[in-house]
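Coordinate analysis (summary)
This is what each chain is made of:
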Protein chains: 2
Amino acid sequence: MATDRTSGPAPLAMLVDALKRLPGVGVKSAQRMAYHLLQHDPHGARQLGQALTDAVQRLRHCARCNTFTESEICETCQSPRRDPALLCIVETPADQNMIEASHSYQGLYFVLMGRLSPLEGIGPREISFDRLLERAADGIVKEVILATNFTTEGETTAHYLAELLRARGLTVTRLARGVPAGSELEYVDAGTIAWALMDRRAS
Amino acid sequence: MATDRTSGPAPLAMLVDALKRLPGVGVKSAQRMAYHLLQHDPHGARQLGQALTDAVQRLRHCARCNTFTESEICETCQSPRRDPALLCIVETPADQNMIEASHSYQGLYFVLMGRLSPLEGIGPREISFDRLLERAADGIVKEVILATNFTTEGETTAHYLAELLRARGLTVTRLARGVPAGSELEYVDAGTIAWALMDRRAS
Ligand SMILES: [Zn+2]
Ligand SMILES: [Zn+2]
């Protein structure tokens, strides 16, 4: 058994302990990261230190869409070129970026900053569901597009939200499941093909 | 294809970029870490930021053994209870901790902060070989114990060092093969390390 003691000078032990708080980082990775930064990349260490301090100080949640922003309301929510009748719900800012990169959506967003995960103890209270419901009930939003991931947890979240939103008289849609653009059928898994068949549309 | 763009507010983009500099962290992990810290652990983020700044500012290399220390010479090197005729060479401070935990070594150390790795372009110049040779030639050290890992790179480093040190008239030994071949010292239990020290052989 490895005795994962963090010893040595205090600043090193504190750095390893702090790195261990990162998701997916155990004591061995934390040590490796600490040695790497101190030995080979002190400039990177300083930069990361500053970036962390800055981010925590300067970022907050957009009052409308919940994404990280430096202002009260983010640029996207402030844009007059966005269709305020459409609200797309995503799990993370990265997902929002992916949808923006498709250049095929002109509505607004709500970023959950997570998804329901009973196994991890993440319920509706841990995610900003009440804020989302309030946001969607502004009288201007007509359709809510559920763009949570197509994982078990993302699907659970979508089902749960669909019921709540539909009960408030909103049109609720979900991103289509299907064969990824540019891919060959023989490399696509059977489950995806099954969904693509079920969701087939007039051509 | 995922377009791994880092967009959004500048402090977030800068944080993701800085996290990507950590070894083994790609853009996806960096985003996950950033969202996690901002959303669920701002205190941890502040703590890590401070720890990084502190560590880089306060730590330097011990003038004698090369490990990280806050003072000119580390506590171990300053200890009068250590046998100055024995010098144990390890790759990292974590390896030194493991040997200390075996409570079977009373000599001094030299920490390479790495190992030879031709594939990664790490040669004798990238590691502090000249400082080690100078250190070992103080006229007091009689035996150098090579405790680099029993990996290909660790063995290469040991062979290389053995020749250099023997040419300088020093007795050179290697940890006994009580340590399972192919494994890293950090993951070996203290008892095995104790046996390997006792059974050390001429190298
Ligand atoms: Zn917004
Ligand atoms: Zn020292």
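Every value quoted in this text rests on a predicted model; they were computed, and no experiment measured them.

So, on to the coordination of the zinc ion (ligand 2). All names here are of chain B. Only Cys62 (SG), Cys65 (SG), Cys74 (SG) and Cys77 (SG) from the protein reach the zinc ion (ligand 2) as donors, at distances of 2.3 to 2.4 Å. Of note, the donors binding the zinc ion (ligand 2) are all from one chain and are spaced C-x2-C-x8-C-x2-C. Here cysteine 65, found in the loop between β1 (60–61) and β2 (68–69), pairs with cysteine 77, found in helix α4 (residues 75–78); they are 12 residues apart in sequence, far enough to count as distant. The exposure classification of cysteine 65 matches that of cysteine 77, with both residues buried.

Below, the discussion takes up the side chain of aspartate 41 of chain B. Secondary-structure assignment places aspartate 41 of chain B in the loop between α2 (27–40) and α3 (42–58). With relative accessibility at 12%, the residue aspartate 41 of chain B sits in the buried group.

Think of interface size as the accessible area that goes away when the parts come together; that is how it is often given. At the junction of the two partners, chain A supplies 55 residues and chain B supplies 58 residues. Summed over both partners, the interface of chain A with chain B buries about 5100 Å², with 67% contributed by carbon and sulfur atoms. Inspection of the chain A/chain B interface yields two salt bridges. Measuring nitrogen to oxygen at the nearest pair gives 2.8 Å for the salt bridge that ties arginine 21 of chain B to aspartate 41 of chain A. Sorting the residues of the side of chain A that touches chain B by element identifies α1 (10–19), α2 (27–40), α3 (42–58), β2 (68–69) and α5 (93–101) of chain A as the ones contributing at least two each.

With that settled, the discussion passes to the UniProt feature "zinc finger region: C4-type" (unreviewed entry) in chain A. Here the UniProt feature "zinc finger region: C4-type" (unreviewed entry) sits at residues 62–77 of chain A. Helix makes up 19% of residues 62–77 of chain A and strand 12%, with an end-to-end C-alpha separation of 8 Å.

A word on the pattern of salt bridges. Residue and element names in this part refer to chain A. This model, assessed by the stated rule, comprises 23 salt bridges over all chains. The partner of arginine 60 in a salt bridge is glutamate 72, with the nearest N and O atoms 3.3 Å apart. Placement of the pair is arginine 60 in strand β1 (residues 60–61) and glutamate 72 in the loop between β2 and α4 (75–78), with a sequence separation of 12 residues. Of the residues examined, arginine 60 reaches a relative accessible area of 41% and is grouped as partly exposed. Several salt bridges converge on common partners, so that one network encompasses Asp54, Arg58 and Glu70.

Residues and elements named next belong to chain A. Take glutamate 91: it is sitting in the loop between β3 (83–90) and α5. Distance in space between the C-alpha atoms of glutamate 91 and leucine 112 is 4.9 Å, their sequence separation being 21 residues. Not counting residues within four places of it along the chain, the set of residues in contact with glutamate 91 comprises Val111, Leu112, Met113, Gly114, Arg115, Thr148, Asn149 and Gly154. Side-chain polar atoms of glutamate 91 contact the backbone nitrogen of asparagine 149, separated by 2.8 Å.

Before going further, it helps to examine the domain arrangement of chain A. As assigned here, chain A comprises domain 1 (10–58) and domain 2 (61–174). Relative to domain 2 of chain A, the C-alpha centre of domain 1 of chain A lies at a distance of 32 Å.

Here the focus is the packing of helix α6 (residues 129–136) of chain B against helix α7 (residues 152–166) of chain B. Residue and element names in this part refer to chain B. Closest axis-to-axis distance for the α6/α7 pair is 11 Å, and the angle between their directions is 45 degrees. Classified by the interaxial angle, the pair formed by α6 and α7 is oblique. In the crossing of α6 with α7, the sense of the turn from one axis to the other is right-handed. Contacts between α6 and α7 involve Phe129, Leu132, Leu133 and Ala136 from the former and Thr157, Tyr160, Leu161, Leu164 and Leu165 from the latter.

Each value, and the rule that gives it
Residues numbered from 1 in each chain as written. Chains lettered and ligands numbered in written order. Predicted model: local features only at pLDDT ≥ 70, side-chain atom pairs only at ≥ 80, totals over all residues. Heavy atoms only, no water. Donors = N, O, S within 2.8 Å, 3.2 Å for Na, K, Ca; no water. Helix = DSSP H or I, 4+ residues; strand = E, 2+ residues; numbered from the N terminus. Buried < 20%, exposed > 50% of the residue type's maximum accessible area, 1.4 Å probe, protein only. Contact = heavy atoms within 4.5 Å. Buried area = accessible area lost by both parts, 1.4 Å probe. Salt bridge = Lys/Arg side-chain N within 4 Å of Asp/Glu carboxyl O. UniProt positions renumbered as here; feature names shortened; annotations may be inferred. Polar contact = N/O pair within 3.5 Å; in protein donor to acceptor, adjacent residues only side chain to side chain. Domains from an automatic or database assignment. Axes fitted to C-alpha atoms, helices over the stretch in contact; angles between N-to-C directions. Parallel < 35°, antiparallel > 145°, perpendicular 65-115°, else oblique. Left-handed = near helix turned anticlockwise from the far one by under 90°.

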